[in-house]
Amino acid sequence: MKTSAVKIVCLSLLLTLYAAGAGLVAEDYQFDLKWGSEGSGEGVFDWPFGIAVDSSGNVYVADAFNHRIQKFDSSGNFLSEWGSKGEGEGELSSPGGIAVDSSGNVYVADTINSRIQKFDSSGNFLSQWGSSGSGEGKFAGPFGVAVDSSGNVYVVDARNYRIQKFDSSGNFLTTWGPESAVGSGFIKEPSAIAVDFSGNVYVADIWQSLIQKYNSNGGFITAWRYPTDSGGGDTFRPTGLAVDSSGNVYMTDYLNSCVQKFDSSGNFICEWGSEGTGDGSFTYPTGIAVDSSGNVYVVDTYNYRIQKFKAAGVACPSTYLLGGKDQRLATIRKFRDEVLVKTLAGEKLVEIYYREGERIIAVFAKSPTIKILAKKVLESLVPAMEILLWSTD
């Protein structure tokens, strides 16, 4: 087989790989819209913090220093509000976290009042539980709140350094936190919480720069810190967590003014945002929520606004290592040097090269969601390339 024919075969194989992965969900996000400014009227905020999205796409924001909850549609149009400063039923004092269950009921962490309040989707008061203290069902700074698919409610009991779990009526079920060893469930200063569809619970620990994953009863599963891939250093301050329908975890990092996305095991996927006041920039991002379409809503607290992001269609770059034998390297290097693999739009799809004479590395300019498919195809493609190219020598 002539070398030119070999190039065409290899190019066709790689373009097939691109076509197979092109329909998958992209992993990068672009600014879509924003709403809000500083103030106390409808649709403006004074220290917005928690955020939640219901199954219809309505967005609920805990407007902490206005001591209220505001409700918007998915385009940021104001719908309603409820709450005022106080200690009575339906009154609030610096609400922090907020969550919505599958029936549309809204749970609010009424932080200064050391309680959880439950409302219907229109803001009508339904029930409450909790008071100041350290015993079961009591709180010292309830901060974040999350609801699982069974209606169980998880509360970040920040100053008691623990998570408490309740049923939907507020009956205490279990707790976990500081009694475990560091790195195996020890909670120093929990700041946010989220639950996936399998009932796994993710807790952000702002003091330890740590995200920890537990089962629904508090059994420790894994933990991770700031990924070296992102280039953001080795310290982050997680202030908000959300989980999408695929189990991916989104985290707001107020120290680095960005949003980071991980898979359910803590592997870094991508990040976006930087410090500033422009579209897509943040100043102290806190709450975060993801709707059923994958749109991401971020509470940009110091900018007194909500920003909405959507999948951009261009993915975050990522690198995957493929093991390779030394005898392949010269061939693959030759292929890299002689064949530029491009999409029809002219964007490079994949570059294959060697490093330190040991490994074959594939660097994708497209979505990490094709990782599994790409790895399988390339693992079979590289030996095929070796055989075809060597046969021409």
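Everything here concerns the structure above.
A brief look at the structure comes next. (Residues numbered from 1 in each chain as written. Predicted model: local features only at pLDDT ≥ 70, side-chain atom pairs only at ≥ 80, totals over all residues. Heavy atoms only, no water.)

1. Overview of the sheet that holds strand 4 (residues 68-72)
Then comes step 1: Across the sheet, four strands lie side by side as 2-3-4-5; this open sheet has antiparallel pairing. Lying at the two open borders of the sheet, with one neighbouring strand each, are strand 2 (48-53) and strand 5 (78-82). Within this sheet the neighbouring strands show an average axis-to-axis angle of 20°, counted without direction.
Then comes step 2: By the bridge criterion, four bridges tie strand 4 to strand 5 in an arrangement that is antiparallel. Residue pairing in the sheet places Gln-70 in a bridge with Glu-81 of strand 5. (Pairing = 2+ DSSP bridges. Helix = DSSP H or I, 4+ residues; strand = E, 2+ residues; numbered from the N terminus. Axes fitted to C-alpha atoms, helices over the stretch in contact; angles between N-to-C directions.)

2. Concerning the pattern of salt bridges
Then comes step 1: All chains considered together, the criterion is met by eight salt bridges.
Then comes step 2: A salt bridge links Arg-68 to Glu-81; its shortest N-O distance comes to 3.3 Å. Of the two residues, Arg-68 is situated in strand 4 and Glu-81 in strand 5; the sequence distance between them amounts to 13 residues.
Then comes step 3: Of the residues examined, Arg-68 reaches a relative accessible area of 4% and is grouped as buried.
Then comes step 4: For Asp-300, the salt bridge goes to Arg-305, with nearest N and O atoms at 2.7 Å. One exposure class covers both Asp-300 and Arg-305, and it is buried. (Salt bridge = Lys/Arg side-chain N within 4 Å of Asp/Glu carboxyl O. Buried < 20%, exposed > 50% of the residue type's maximum accessible area, 1.4 Å probe, protein only.)

3. Here we look at the sheet that holds strand 17 (residues 220-224)
Then comes step 1: Taken in spatial order, the four strands of this open sheet run 14-15-16-17, and their pairing is antiparallel. The open sheet is flanked by strand 14 (190-195) and strand 17, the only strands paired with a single partner. The average angle at which neighbouring strand axes cross in this sheet is 20°, direction not considered.
Then comes step 2: Relative to strand 17, strand 16 (residues 210-214) runs antiparallel, the two being bridged by four bridges. Note that in strand 17 the partner of Ile-211 across the bridge is Trp-224.

None of this, on its own, says anything about what the molecule does.
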